[in-house]
Structures are given as structure tokens and as C-alpha cells.
Amino acid sequence: MHVTTTISFQSQLPGDRPEVRFKDHHPSLTEREAVLEARRCLYCFDAPCQQACPTSIDIASFIRKISTGNTLAAARTILSANINALSCARVCPTQVLCEGACVYNHRDGSQPPIHIGRLQQFAMEAAYAKNAVASLLGDKRASTGKKIALLGAGPASLACAAELTLRGHQCVILEQRALPGGLNTNGVAPYKMKADVGLLEAEMVLGLGVELRTGVTVGKDVKPEDLLAEYDAVFLGVGLGPDGRLAVPGEELAGIIGAVELIDQVKTRGQPLFEGVAHAVVVGGGNTAIDVARELRGLGVPEVTMVYRRGPEHMSAYAHEQDGARHDGVRFLHWHVPVRFNGEGKVSSLTLARTRLEDGRLRNVPGSEADVPCELVAMAVGQGTLKDLCTAFAGVDFRDGHVVVDPDTGATGNAKVFAGGDVANGGKEVVNATAEGKRAALAMDRMLTGA
Ligand SMILES: Cc1cc2nc3c(=O)[nH]c(=O)nc-3n(C[C@H](O)[C@H](O)[C@H](O)COP(=O)(O)OP(=O)(O)OC[C@H]3O[C@@H](n4cnc5c(N)ncnc54)[C@H](O)[C@@H]3O)c2cc1C
Ligand code: SF4
């Protein structure tokens, strides 16, 4: 176990990790560009962009502050709603959230919606560059003497811990990995955000006075009942479980790897990857499948094919992400499933069968099997759950792939235990995890102080 109170995680990232080869799809705005863009905003009353934001950032207000050159005040407005605002500015699917709701979408089409994400990024980068973020959050309240354990150091726990710390509670985050940030550090596509940005944000939260213990796997190194005995409250922010598998023959061959595991290698480790890989196959149809396919192309794999068992209209990946993958040269093979992986020790081809719907059920078409060459297969067929860990906390219920919580508070069936983020919503976005972490912190504060 490693206990951290002063923080320098960014320096632990290998400088030669593959993700550094990616161009940034979110370049920063200059001040002039930001002010000009901010002046396009109509500062709508009951702004639909704010209503579409899970953290309810007062978007019209922060954009107005940018338009008058008051950038740090803009950052304060943003941070008062969303502590993970730097990462959200980069990774949020703004097309379907704030920018998708902007009134410009319903005008004559002559102007695009306001680039809210880029304006938020501009304000937050200015605040980080001036080392002003902690001061923008205001003073911490006097210590309450209450101790809270938070499981996992992803966006949900970081948002929860920041709010609780500002309210005078003592927070300890237990994280199994060496680096904090959760999927913000080791999952998000590198062209959206590199690992050091996720770490910078995590370091800021830790700088508020949150203790982080890395290399601690709750359930293995620490027992849930001991945490319940030692702490006044517990927050479950452990996210989803490991990559899923299909259980088809040959899946144990080398060269077949879970998508999240592969992305982690790209983002945080320094090994040379994918050398000699001419064909890679990505199995799945969600956003993670798209991300891994685009990352493989970006790292120079000549042929990347996405294999999905149904049609394009059934894919859960956002349309704009699918377009991005096509633009990057990813090939799509719909209505196919893997039936066998082939190779001696290492995968060299994949046998696929065609699929079709019969009476509403998906079936393989008899006699349709064919081989495709591949030296690498990324399995993006969903992640498992951490049900055993969560239900080891007495009274915590788990249903339909997530912890059962009161959606207004994150409260579980155990009065001392709250949950938020992917473990409680089944897997959404960073901004949802942030909103749920903060919401749970407010409810925990009420529970702990009786306010
Ligand atoms: C490949 C990929 C790409 C994504 N891209 C985007 C994107 O572009 N935009 C977006 O908004 N969202 C994206 N998401 C979703 C987003 O990353 C998650 O919704 C968000 O990170 C959830 O936050 P969390 O804190 O609930 O969980 P996580 O970020 O998963 O953090 C959970 C933490 O808990 C730790 N943990 C787990 N078990 C234990 C244990 N037993 N003991 C101690 N620690 C433990 C984990 O190591 C991890 O650090 C992506 C997800 C994936 C998988
Ligand atoms: S909806 Fe668009 S124009 Fe209106 S306040 Fe939000 S960003 Fe500005």
C-alpha cells in the first residue's frame, strides 16, 4: 500500500507510452477566439444547455463571464457545479448534451451551436495554468471529525471526496491501482484527453486534503466489515468490472485481449504495442469498441475491422463516434459473430458466422462460416460487474447490473453506504459519475451532520 498526501502522479507516466503519438482533437482556444465565441451566446433564460447538463453548470453565466474577459470567475461558476470540469470539457459527448440542446440547433442553421465544451476547456485551462483552482473553490469548513472511506479513485469518488472535504469531513480514498483518476486516466480515448490531464485533475482534488491509498483492493486487502466499523460512512465508486468475454473456442490464445485492458496499455504503459500486427479485429458495437478501433488505426495498424452481431442501427455507439471511426479508416462488418479463434499459441485468424433475425431472435446462418486473418483481437463486448464486492457491504442490494440506490441521494440499503458513478448507473459518462458523486456527498453530509 502507498499512502499519498503530497501528489505527483503525472511524473509516473512513461514518456514513451503509445497515447502520446495521438494528435489532440480538442486544441485550446486562444483568448480572442474564446471571447468571440462567447459573444455569440444568447444567454438564454431557462437555458436548455444547462438543463441538458447532468451537473447543471450555469452555462449562460460562465459564457457571459468569458465574453467580458472574466475567465477565472467563469471557472469558479463551472467548478461550483462540477469539480471534474477540465476532463468533462474534453470528454463529454457535448453533441448529445449541452451543445445538442443549444437553441442555435433550432434556428436557420446558418450558425452552429455554441462550442460550450471548448469554452469550458478554455476557462478551466486558464484556472489550472494560474494554479487558481483550489482558491476558486472557497474555504474549507471547520473539521467535523467525521471520517469517510471512498472506494475507487475515479471521477465519482473524486467528486464525492472534494465536496465532503470542503464540508469539513476527512476523506480517505482506497484505490487498487497505482494511479488515481479511474477511466479518466486509463480509459478515455487519447485524442480526447491524455492520462496526464486526468491525473492533474485528480491531484487537484487530493490537494484539498483528501488522503489516497493506492495499491489497496477492497475485498482482498481490506474487509468491507472493517471499513464499516472504522468509518462514519462509505462511498462505493468502484465503477464496472473487468472486460467481458464471449466464451467461444480459442479465446485463451495470445493476442486476444479485453478492450479496456488494451486501452489501458495505450494510455499508461510504455511497452511497444502492435508491432507486426497487420490485421486487428474489434468485437463489439459500443463506444468502447469504436474507441479501441480508432486507437489501433491511430497507432498504425493497417487494417482494423469492427465485427458486430447486428446492424448499424442497433449499435449503441454514438453516431458521431461511428462517423469518426469510418473517417479513420475502420471497416465495419455488421451481422457477424465470432464462432472460433484460430492459431497455435497466438491468434492468427478468426472464424465468423453471419447472423440474422428469425422471429425476433438472433441466429447464426448455417454454412456461412468464413475466416478472417487477424493477429490481434480486442474484445469490447461489455464489462462485468463488481456485485460480490458491493453486496459484501451488509444491506447493499445489486440488481440489473448495478447497485440499487435512491437516485436523489445515492443512498443504498445500508444507512452508512452510498454509491455513485458506473457502479450505480450501470455505465454512463464521466459527467454522470461526477454529478452522482456530488449528490451522494450532499446526502452524506446531511446524514453525518444532521443538517
Ligand atoms: C474505454 C472507455 C472510454 C470511455 N470514454 C468516455 C468518454 O469519452 N467520455 C465520457 O464521458 N465517458 C467515457 N467513458 C465512461 C467513463 O469513463 C465512466 O463513466 C466514468 O469513468 C465512471 O467513473 P467511476 O468513478 O464511476 O468509475 P471508474 O472511472 O471506473 O473508476 C473506478 C475506480 O475504482 C477502482 N476500483 C475498482 N475496484 C476496486 C477495489 N476493489 N478496491 C479499490 N479500488 C477499486 C478502479 O481501479 C478505478 O480506478 C469511457 C469508458 C470506457 C470504458
Ligand atoms: S442554449 Fe446556446 S445560446 Fe442559449 S445560453 Fe446555452 S449556449 Fe448560449
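Residues numbered from 1 in each chain as written. Chains lettered and ligands numbered in written order. Predicted model: local features only at pLDDT ≥ 70, side-chain atom pairs only at ≥ 80, totals over all residues. Heavy atoms only, no water.

Draft legend 1. Representation of the nonpolar core within the structure. With 78 residues, the main nonpolar core has F62, I63, I66 and M444 as its most contacted residues. Here this core gathers at least three residues from each of two domains, domain 1 (2-135) and domain 2 (139-176 + 215-241 + 384-449). Once residues within four sequence positions are removed from consideration, M444 is found in contact with I148, C160, L164, A233, V234, F235 and F418. Of all hydrophobic cores here, the second largest spans 30 residues; its members include A189, V282, V301 and V330. (Core = buried A, V, L, I, M, F, W, Y, C linked by side-chain atoms within 4.5 Å. Buried < 20%, exposed > 50% of the residue type's maximum accessible area, 1.4 Å probe, protein only. Domains from an automatic or database assignment. Contact = heavy atoms within 4.5 Å.)

Draft legend 2. Main features of the domain arrangement of the chain. Domain annotation of the chain identifies domain 1 (2-135), domain 2 (139-176 + 215-241 + 384-449) and domain 3 (256-379). On a C-alpha basis, the centroid separation for the pair domain 2 and domain 3 is 34 Å.

Draft legend 3. Representation of the layout of surface pockets within the structure. When its volume is computed, the second largest pocket comes out at roughly 220 Å³. Lining of the second largest pocket is provided by A127, Y128, N131, A132, V133, A134, L200, E203, M204, G207 and L208. The set of elements that each furnish at least two residues to the lining of the second largest pocket consists of helix 7 (116-129), helix 8 (133-136) and helix 11 (195-207). The greatest single-element share of the lining of the second largest pocket, amounting to four residues, is contributed by helix 11. Along the lines of polarity and charge, the residues of the lining of the second largest pocket split into eight nonpolar, two polar and one charged. (1 Å grid on protein atoms, 1.4 Å probe; cavity = no way out; pocket = protein on both sides within 12 Å on 5 of 7 lines; lining within 4 Å. Points joined across faces, edges and corners; volume = space filled by probe spheres on them. Helix = DSSP H or I, 4+ residues; strand = E, 2+ residues; numbered from the N terminus. Nonpolar A, V, L, I, M, F, W, Y, C, P; charged D, E, K, R; others polar.)

Draft legend 4. Highlighting helix 11. Its 13 residues place the ends of helix 11 18 Å apart at the C-alpha level, agreeing with the 18 Å of an ideal helix rising 1.5 Å per residue. Counted residue by residue, helix 11 has ten buried out of 13 residues, so it is predominantly covered. Of the positions making up helix 11, those classed as buried are A195, V197, G198, L199, E201, A202, E203, M204, V205 and L206. Remark: G209 follows helix 11 within two positions and exhibits a positive phi of approximately 115°. (Expected span 1.5 Å × (residues − 1).)

Draft legend 5. Here's a closer look at the site of ligand 1. Inspection of the region around ligand 1 gives 34 residues, with V91, E175, K192, D422 and E429 positioned closest. One nitrogen or oxygen atom from the main chain of V218 is found 2.9 Å from a nitrogen atom belonging to ligand 1. In isolation ligand 1 has 1000 Å² of accessible area, and contact with the protein removes 93% of it. Breaking the shell around ligand 1 down by element, the ones donating at least two residues are helix 9 (155-166), strand 3 (170-175), helix 13 (259-268), helix 14 (287-298) and helix 18 (430-449). Class assignment for the residues of the shell around ligand 1 results in 16 nonpolar, eleven polar and seven charged. Residue assignment places the shell around ligand 1 across two domains, with domain 2 (139-176 + 215-241 + 384-449) and domain 3 (256-379) each supplying three or more. (Near = heavy atom within 4 Å. Polar contact = N/O pair within 3.5 Å; in protein donor to acceptor, adjacent residues only side chain to side chain. Areas by Shrake-Rupley, 256 points an atom, 1.4 Å probe, with all protein chains shown as cover.)

Draft legend 6. Broad picture of the sheet that holds strand 8 (residues 303-307). The sheet built from five strands is open, its strands ordered 6-14-7-8-9 with parallel pairing. Strands at the two margins of the open sheet, each flanked by one partner only, are strand 6 (256-258) and strand 9 (331-333). Across the sheet, the mean angle separating the axes of adjacent strands is 25° when strand polarity is ignored. Inspection of the sheet shows strand 7 (residues 279-283) paired to strand 8 by five bridges, in the parallel sense. Counterpart to V282 in the pairing with strand 8 is M306. Across the face of the sheet, helix 13 comes into contact with strand 6 and strand 14 (376-379) while running at roughly 85° to strand 6. With respect to the sheet, helix 14 is in contact with strand 7, strand 8, strand 9 and strand 14, its orientation differing from that of strand 8 by roughly 170°. (Pairing = 2+ DSSP bridges. Axes fitted to C-alpha atoms, helices over the stretch in contact; angles between N-to-C directions.)

Draft legend 7. Fine view of empty space enclosed by the protein. Within the structure shown, the criterion is met by two cavities of 30 Å³ or more. Along the wall of the largest cavity there are 16 residues; nearest its centre are C53, C92, T94, C98 and Q120. Of all the secondary-structure elements, those providing two or more residues to the lining of the largest cavity are helix 5 (85-91) and helix 7. Grouping the amino acids of the lining of the largest cavity by side-chain chemistry returns twelve nonpolar, four polar and no charged. The volume enclosed by the second largest cavity comes to roughly 100 Å³. Looking at the second largest cavity, it is lined by 14 residues, and the ones nearest its centre are C41, C44, C49, C102 and I114.

Draft legend 8. Geometry of the packing of aromatic side chains. By the definition in use, this model includes one aromatic pair. Between F22 and Y191, the aromatic rings sit 6.1 Å apart at their centres with planes inclined by 55°, giving tilted as the arrangement. One end of the pair, F22, is in the loop between strand 1 (2-4) and helix 1 (31-39); the other, Y191, is in the loop between helix 10 (183-186) and helix 11, and 169 residues separate them in sequence. For the pair formed by F22 and Y191, the shared burial category is buried. (Phe/Tyr/Trp six-rings, centres within 6.5 Å; stacked < 30°, edge-to-face > 60°.)

Draft legend 9. Spatial organisation of the environment of P190. Positionally, P190 belongs in the loop between helix 10 and helix 11. A relative accessible area of 1% means that P190 is categorised as buried. Sequence spacing of P190 and E230 is 40 residues, and the spatial spacing of their C-alpha atoms is 39 Å. For P190, the contacting residues outside a window of four places in its chain are E19, F22, V266, K267 and E295.

Draft legend 10. Region of interest: the site of ligand 2. Inspection of the region around ligand 2 gives C41, L42, Y43, C44, A47, P48, C49, A60, C102, V103, I114 and I116 as its neighbouring residues. A majority-of-atoms criterion places ligand 2 in the second largest cavity. (Sits in = over half its atoms within 2 Å of the grid points.)

Draft legend 11. Just the pairing of strand 3, in detail. Burial analysis of strand 3 places five of its six residues in the buried class, the great majority of the element. Of the pairings in the sheet, the one linking strand 2 (residues 147-151) to strand 3 comprises five bridges and is parallel in character. Bridge pairing in strand 3 places L151 opposite L174. This β-α-β element, strand 2 to helix 9 to strand 3, shows right-handed connectivity. (Right-handed = clockwise from strand over helix to strand, strands pointing away.)

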